[in-house]
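Listed below are the residues making up each chain.
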Amino acid sequence: MVVFLSEGCSFFAAFSALKKQSFISYAFTLFWLGGVISPAISQCESNDLFSTHHIYSAGDGPRDIALGDFDGDDDLDVVVVNKESDDVSLFFNNGDATFSNEIRYTVSNVPYSVAIGDLDNDGDLDFAVSHGAADSTSVFINNGSGSFADHASYDSGDAARSIALGDLNGDGYLDIAVASFNNETVSTLMNSGDGTFEPQIFYSAGRRPHGIALGDLDQDGDIDLAVAGLGAPTTVIRMNDGIGMLPNRADYQGGLSPYDIALGDLDNDGDLDITRADGDRDVINVSLNNGEGIFSQAVLYYPTESNFIALVVGDVNNDSYLDIIAAGSTSQVVVVLLNDGLGAFPIGYDYTAGSSPMGVAVGDLDGDGDLDMAVANNISNNMSILINHCKSQNECVADLNNDGVLNFFDISEFLTFFQKGDLSVDFTDDGQLNFFDVSEFLNAFNNGCP
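Note that the structure is predicted; figures quoted are calculated from it, not measured.

Describing the overall build of the chain
Right, on to step 1. Scanning the chain for helices and strands turns up 5 helices and 28 strands.
Right, on to step 2. Within the chain, the fraction of its 450 residues that count as buried is 56%.
Right, on to step 3. Counted over contacts in the chain with a minimum sequence separation of 6, partners at least 24 positions apart contribute 45%.
Right, on to step 4. Within the structure as shown, the chain displays about 17,600 Å² of accessible surface, and the carbon and sulfur contribution to it stands at 48%.

Considering the nonpolar core
Right, on to step 1. Formed by 24 residues in total, the largest nonpolar core has its most connected members in F50, I325, V336, V360 and M373.
Right, on to step 2. Contributing elements (two or more residues each) for this core: strand 22 (308-314), strand 23 (323-328), strand 24 (333-338), strand 25 (347-352), strand 26 (357-363) and strand 27 (372-377).
Right, on to step 3. The contacts of I325, once residues within four sequence positions are left out, are A310, L311, V312, V313, G314, V316, V334, V335, V336, V360, V362 and M373.

With respect to empty space enclosed by the protein
Right, on to step 1. Summed over all chains, the structure comprises 1 cavity of 30 Å³ or more.
Right, on to step 2. Approximately 30 Å³ is the volume attributed to the largest cavity.
Right, on to step 3. Among the secondary structure elements, those contributing two or more residues to the lining of the largest cavity are strand 15 (224-229) and strand 16 (234-239).
Right, on to step 4. In terms of residues, the lining of the largest cavity owes the most to one element, strand 15, which gives 3 residues.
Right, on to step 5. Classifying every residue of the lining of the largest cavity by side-chain character gives 5 nonpolar, 3 polar and 1 charged.

Things to note about the confidence of the model for the chain
Right, on to step 1. Scored by pLDDT, the chain has a mean of 86; 87% of the residues are at 70 or more.
Right, on to step 2. Counted against residues more than four places away or in other chains, residues 1-21, with its pLDDT under 50, gives 25 contacts.
Right, on to step 3. Counting interchain partners and residues more than four positions distant, the pLDDT-below-50 stretch residues 23-43 has 38 contacts.

Re the sheet that holds strand 20 (residues 283-287)
Strand pairing in a sheet relies on backbone hydrogen bonds, with the paired strands running either antiparallel or parallel.
Right, on to step 1. The antiparallel open sheet is built from 4 strands, whose spatial order is 18-19-20-21. Each having just a single partner strand, strand 18 (258-264) and strand 21 (299-301) make up the two edges of the open sheet. Put simply, the sheet's adjacent strands are angled 20° from each other on average, direction ignored.
Right, on to step 2. The pairing of strand 18 with strand 19 (residues 273-278) spans 6 bridges and is antiparallel. Looking across to strand 19, one finds that G264 is bridged to D273.

Some remarks on the sheet that holds strand 1 (residues 50-57)
Right, on to step 1. Here 4 strands make up an open sheet; going across it, the order is 1-28-27-26 and the pairing antiparallel. The sheet terminates laterally at strand 1 and strand 26, the two strands that pair on one side only. The average undirected angle you get between the axes of adjacent strands in this sheet is 20°.
Right, on to step 2. Here 7 bridges tie strand 1 to strand 28 (residues 382-388), and the two strands are oriented antiparallel to one another. Within the sheet, the bridge partner assigned to I55 lies in strand 28 and is S384.

Observations concerning the pairing of strand 24
Right, on to step 1. With 6 of its 6 residues buried, strand 24 lies for the most part within the structure.
Right, on to step 2. Residues V333, V335 and L337 of strand 24 are buried on one face, and the alternating residues V334, V336 and L338, pointing to the opposite face, are buried as well.
Right, on to step 3. The pairing of strand 23 with strand 24 spans 4 bridges and is antiparallel. If you follow I324 over to strand 24, its bridge partner there is L337.
Right, on to step 4. Hairpin connection of strand 23 to strand 24: 4 residues between the antiparallel strands.
Right, on to step 5. Here strand 24 pairs with strand 25 via 6 bridges, running antiparallel. Residue pairing for strand 25: L338 is matched across the bridge by I347.

Digging into helix 4 (residues 408-420)
Right, on to step 1. Over its 13 residues, helix 4 runs 19 Å from end to end, which matches the ideal 18 Å to within 8%, given 1.5 Å per residue.
Right, on to step 2. When we look at burial in helix 4, the residues that qualify are D410, I411, F414, L415 and F418. Each buried residue of helix 4 sits inside an arc of 135° when the element is viewed along its axis, so together they form one side. Projecting away from the buried face of helix 4 at angles above 90 degrees are the exposed residues F409, Q419 and K420.
Right, on to step 3. At the N-terminal end of helix 4, a side-chain oxygen is found 3.1 Å from the backbone nitrogen of F409, two or three residues along, and the residue is N407.
Right, on to step 4. Where helix 4 ends, the next residue or the one after it, G421, has phi of about 75°, a positive value.

Definitions and limits used
- Every chain is numbered on its own, with residues counted from 1 as its sequence reads.
- Given that the model is predicted, a residue must reach a pLDDT of at least 70 before its local features are reported, and side-chain atom pairs must reach 80 or more before they are shown or counted; all residues, however, enter totals for whole chains, interfaces and linings.
- Each side-chain value is derived from all of the structure's non-hydrogen atoms; neither hydrogens nor water enter the calculation.
- Helical segments are the DSSP runs of H or I of at least four residues, strand segments are the runs of E of at least two, and each set is numbered from the N terminus.
- We call a residue buried when its accessible area falls under 20% of the maximum for its residue type, exposed when it is over 50%, and partly exposed in between, using a 1.4 Å probe and counting protein chains only.
- Here, residues are in contact when the closest pair of their heavy atoms is within 4.5 Å.
- Per-residue accessibility takes into account occlusion by the displayed protein chains alone, with areas from the Shrake-Rupley method and a 1.4 Å probe.
- Side-chain atoms within 4.5 Å link the members of a nonpolar core, which is a set of buried Ala, Val, Leu, Ile, Met, Phe, Trp, Tyr and Cys residues.
- Using a grid of 1 Å spacing that covers the protein atoms alone, one calls a set of points a cavity when a 1.4 Å probe fits there but cannot get out, and a pocket when the set is open and has protein on both sides within 12 Å along at least five of seven lines; lining residues are those with an atom within 4 Å of a point.
- Grid points are joined across faces, edges and corners, and a volume is the space filled by probe spheres set on the points.
- Gly is placed with the polar residues, together with every amino acid not listed as nonpolar (Ala, Val, Leu, Ile, Met, Phe, Trp, Tyr, Cys and Pro) or charged (Asp, Glu, Lys and Arg).
- Scored between 0 and 100, pLDDT is the confidence that the predictor attaches to each residue.
- Here the rule is simple: two strands pair whenever DSSP picks up at least two bridges between them.
- Angles run from 0 to 180 degrees between N-to-C directions of axes, and those axes are lines fitted to C-alpha atoms, restricted for helices to the stretch in contact.
- Multiplying 1.5 Å by the helix residue count minus one yields the expected span of that helix.
- Read the arc as the range of directions from the helix axis to the C-beta atoms.
- Pairing of N or O atoms within 3.5 Å defines a polar contact, subject to two protein rules: one partner must be a possible hydrogen donor and the other a possible acceptor, and residues neighboring in sequence count only if both atoms are side-chain atoms.

In structure tokens, the structure reads:
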């Protein structure tokens, strides 16, 4: 086998030989050679973080998507807003990032955006949906097992766009904030404590507000609001007065026509920064917080021509820094911009989703400790599930018998599972066992434990 490989035969020829020989002798041959198959570049640093795992049909014109454990089984389910068919699709996770058949709930007047949270404080997750062709927002209350009764609707401004949840007045209940596109305001609806909401309060929000996000921007302990608008190159910040009102407004330059906005500590200095999806210029831009809710001039990133319309932040490569994940509506890709640790994003990778992705969410869908991706595809009328192949840098993935030591017993465990066809040793996460899983296991074994 040593000579066979050294003469330059392909991986596939080597795998054919593998099937004819003892698995154990082959594994030890590769292990002790130390260089016949060189260690692979860490998946966390490559352009191969995600692969499309499954695609599921949804309603007509999916526009937004969110993740949450609706049925209390400790895995993340998916809700998709279907703009053209006036409904939402709810998909329940089987625990392995595969999903049951969808359940539909009717939502009239062009449902546009969705936000998930425990609105009635009973321990399970509810959701709220904004209406793009009406002046209302619908609230769906969970019955405790993941099903939802008739929804209640609340006035929330003309042509509602993005929606967000947060405890604005500090009473322990989640309130609602909605961007109202036509009347150029944001409206807040205060929770009465039981999942019903008080009449809206309006605040000016610049030209054609579209994206909205909530977070404590000035580190004073209450939740502030940031709005991105399509009609002007500005982001509007409204600071909380401590009792749930948003009287103070500041405007910042932030793209030509940003569709969406997200908050996160991008430069690891302890405060929330801003990133925006500027669809008209195919740009992602970032403004860093000085710690007091004052933001730097936007830095622009041009990863691809994709008309970015939605984005989220999350650490997808397990390096403890927040990355940016953006959906491009004129393409079939989702773009991942990797953080350099200082709040800059010099490297970006494209991952195929579906036709015209307009919504993206991240979460650990398969329970392996890293962030996977769910994408709402507007034209292909489906959602894509993309699985993350990045193993935690603190995880000793080759320690298969969980004794904290890498030795012969772990190799024996791997080979036993491999011969049985057990996908728990599918190290490449492609749903099959082959030579590449052997190679990845041995690379992990050689790398050792932290």
